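Given next are the chains, with one letter for each unit.
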Amino acid sequence: MKSFGELYVSTCSSLSVPVNKGIVAVIEDEHESHELNLRGSGSLQPQLKKLKLSDEDMHPLCSVLSSNSTIFYLNLGFNALSDASMSFIAPVIESNTTLLSLDLSGNDFEETGAHLLCEALETNNTLRELNLRGNKIGEKGNLRLAEVLVNNSSLSVLDVSSTDQTTACVIAYASVLQTNRTITTFSIDRPLEFSKQEEGTIHMASMLEKNHVLKHLSLQFFQMQDFGLSRICHSLCANKTLQTLDLSNNQITRHGCVSIAEMLQHNNTLQKLLLDRNTIEDEGAITLSHALLASSLCGLGVSFNKIFSEGMKAIAELIHVKEKLSFVTIWGNPGICGPHVDFEACKAVAKAIDRSDSVNGFEHIDVQGYVVDGNTLLARVV
């Protein structure tokens, strides 16, 4: 029996398509793996760092994948794939019953490609993960996908961030998720349209009241303000399933932190809350630090939030006291870096990290302490 690589080369020959040496190199490197990682720009794989797959490459590759039963995870992200490629990818989705994860992020699929994809998804009952982030499928493409989700019972992870989704799309997804029983992870960052009434956020809040399956939700770049956050928090008082909520890159202030604190008194299932790149300042940081002490949260992101000395000291105390806290991001706040750095705040954070890390260990923390001329400073850990 021919190997996957041999089948690819022979198919290229029969179709009179040039063999892509980058694809061959990856196949040979991962010949014992169930993953085929053909991610283009920025790939960690040396053979793909300067290579992007083209629509022409998809014909022979997908011809082989259609009948393949060994590849479970396929990554085609960040290539030069257009709607023409989807005419080859869609049949794979229709016929391949072992493919579990498909990453198409960062390509050039538009409305036509989205419709081809959706037609294939209507007959597929095995694909578990789908990433469309960064493809400009627009309003019609997103609404079509939301329609497919009504009857789809296999997808559990879906990312439609930065797909030119309008408010109508956000509302459609929120409506579908009210009754969907399979999607546990959903990302819909950076919608196109916003309103002062925060319609998208309000519909997502309503969804959280009725959805009992979703565990991870990302609403980055939603232009969410404190009013919208208050509606989300109200819903989370009754929600018993959501574990991770990413509200980074919004317009949340110290007033929104009050809503979060009140919610945490009633919610004991939320484990990670990401508020990076908002504007909660010292008052918000202090409010959150006090609220987290008695909460179920074990992860907090507040990097780049204009938090100065007092707020950072409150967070240091939180890190020191709350033993279950295992994920923290705080870099980018003026209290610990930049021209307004406070040595005492840095020392307090560094000491708290050392103590907590020695007791329980951190899953992730984005700073570490070091000493210069007797003063403790913090460096960013990537």
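Look a little higher up for the structure.
What counts and what doesn't
- Residues numbered from 1 in each chain as written.
- Predicted model: local features only at pLDDT ≥ 70, side-chain atom pairs only at ≥ 80, totals over all residues.
- Heavy atoms only, no water.
- Pairing = 2+ DSSP bridges.
- Helix = DSSP H or I, 4+ residues; strand = E, 2+ residues; numbered from the N terminus.
- Salt bridge = Lys/Arg side-chain N within 4 Å of Asp/Glu carboxyl O.
- Buried < 20%, exposed > 50% of the residue type's maximum accessible area, 1.4 Å probe, protein only.
- Core = buried A, V, L, I, M, F, W, Y, C linked by side-chain atoms within 4.5 Å.
- Contact = heavy atoms within 4.5 Å.
- Axes fitted to C-alpha atoms, helices over the stretch in contact; angles between N-to-C directions.
- Parallel < 35°, antiparallel > 145°, perpendicular 65-115°, else oblique.
- Nonpolar A, V, L, I, M, F, W, Y, C, P; charged D, E, K, R; others polar.

**Q** Hey, could you run me through the sheet that holds strand β11 (residues 327–329) in this one?
**A** Remark on secondary structure: sheet strands pair via backbone hydrogen bonds, oriented parallel or antiparallel. Across the sheet, 12 strands lie side by side as β1-β2-β3-β4-β5-β6-β7-β8-β9-β10-β11-β12; this open sheet has parallel pairing. Whereas interior strands pair on both sides, the edge strands pair on one side only; in this sheet they are β1 (35–37) and β12 (364–365). Relative to strand β9 (residues 272–274), strand β8 (residues 244–246) runs parallel, the two sharing 3 bridges. Paired with Leu-245 across the two strands is Leu-273, which belongs to β9.

**Q** Explanation requested: the pattern of salt bridges in the structure shown.
**A** Applying the stated criterion to the full structure yields 9 salt bridges. Across the salt bridge formed by Arg-144 and Glu-122, the nearest N and O atoms sit 2.9 Å from each other. Of the two residues, Arg-144 sits in helix α6 (residues 138–149) while Glu-122 sits in the loop between α5 (111–121) and β4 (129–131), which places them 22 residues apart along the sequence. Across the pair Arg-144 and Glu-147 runs a salt bridge, and its minimum N-O distance is 3.9 Å. With a gap of 3 residues between them, Arg-144 and Glu-147 both fall in helix α6, about one helical turn apart. Relative accessible area serves as the criterion here: at 15%, Arg-144 is assigned to the buried category.

**Q** How should I be thinking about the nonpolar core in this particular structure?
**A** One recurring pattern in soluble globular proteins: nonpolar side chains tend to sit buried together. Membership of the largest hydrophobic core comes to 109 residues, with the highest contact counts inside it found for Leu-36, Leu-61, Leu-76, Ile-89, Leu-130 and Phe-186. No other element matches helix α7 (residues 167–177), which puts 7 residues into this core. Not counting residues up to four positions away in its chain, the partners in contact with Leu-36 are Phe-4, Val-26, Ile-27, Glu-30, Leu-61, Leu-65, Ile-71, Tyr-73, Leu-74 and Asn-75.

**Q** How do you make sense of the packing of α5 against α6 when you look at a structure like this?
**A** The geometry of a pair of packed helices is captured by two quantities: the angle between their axes and the separation between those axes. Contact geometry for α5 and α6: axes closest at 8 Å, N-to-C directions at 10°. Taken together, α5 and α6 sit at an angle that is classed as roughly parallel. Residue-level inspection shows Glu-111, Ala-114, His-115, Cys-118, Glu-119 and Leu-121 of α5 in contact with α6, the latter providing Lys-140, Gly-141, Arg-144, Leu-145 and Val-148. Split into classes, the residues belonging to the contact of α5 with α6 amount to 5 nonpolar, 2 polar and 4 charged.

**Q** What am I meant to see in the packing of α7 against helix α8 (residues 199–210) here?
**A** Interhelical geometry of α7 versus α8 gives an angle of 5° and a closest axis separation of 9 Å. By the angle between their directions, the pair α7 and α8 is classed as roughly parallel. Mapping the contact onto sequence places Thr-167, Val-170, Ile-171, Ala-174 and Leu-177 in α7 and Glu-199, Gly-200, His-203, Met-204 and Met-207 in α8. Class assignment for the residues of the contact of α7 with α8 results in 6 nonpolar, 3 polar and 1 charged.

**Q** Looking at this model, I keep getting lost on unusual backbone geometry. Mind explaining?
**A** Glycine aside, residues mostly have negative phi, and peptide bonds are mostly found in the trans state. Positive phi values are uncommon outside glycine, yet Gln-223 reaches one of about 50°. As for its placement among the helices and strands, Gln-223 is situated in the loop between β7 (216–218) and α9 (226–236). You can call Gln-223 partly exposed: its relative accessible area is 39%. Although it is not a glycine, Lys-306 adopts a positive phi angle of roughly 60°. Relative to the helices and strands, Lys-306 resides in the loop between β10 (299–301) and α12 (309–321).

**Q** Quick question: what am I supposed to make of the environment of Val-258 here?
**A** Along the polypeptide, Val-258 turns up in helix α10 (residues 254–264). Considered as a pair, Val-258 and Ile-137 are 121 residues apart in the sequence and their alpha carbons are 37 Å apart.

No statement about biological role is implied by the geometric values presented.
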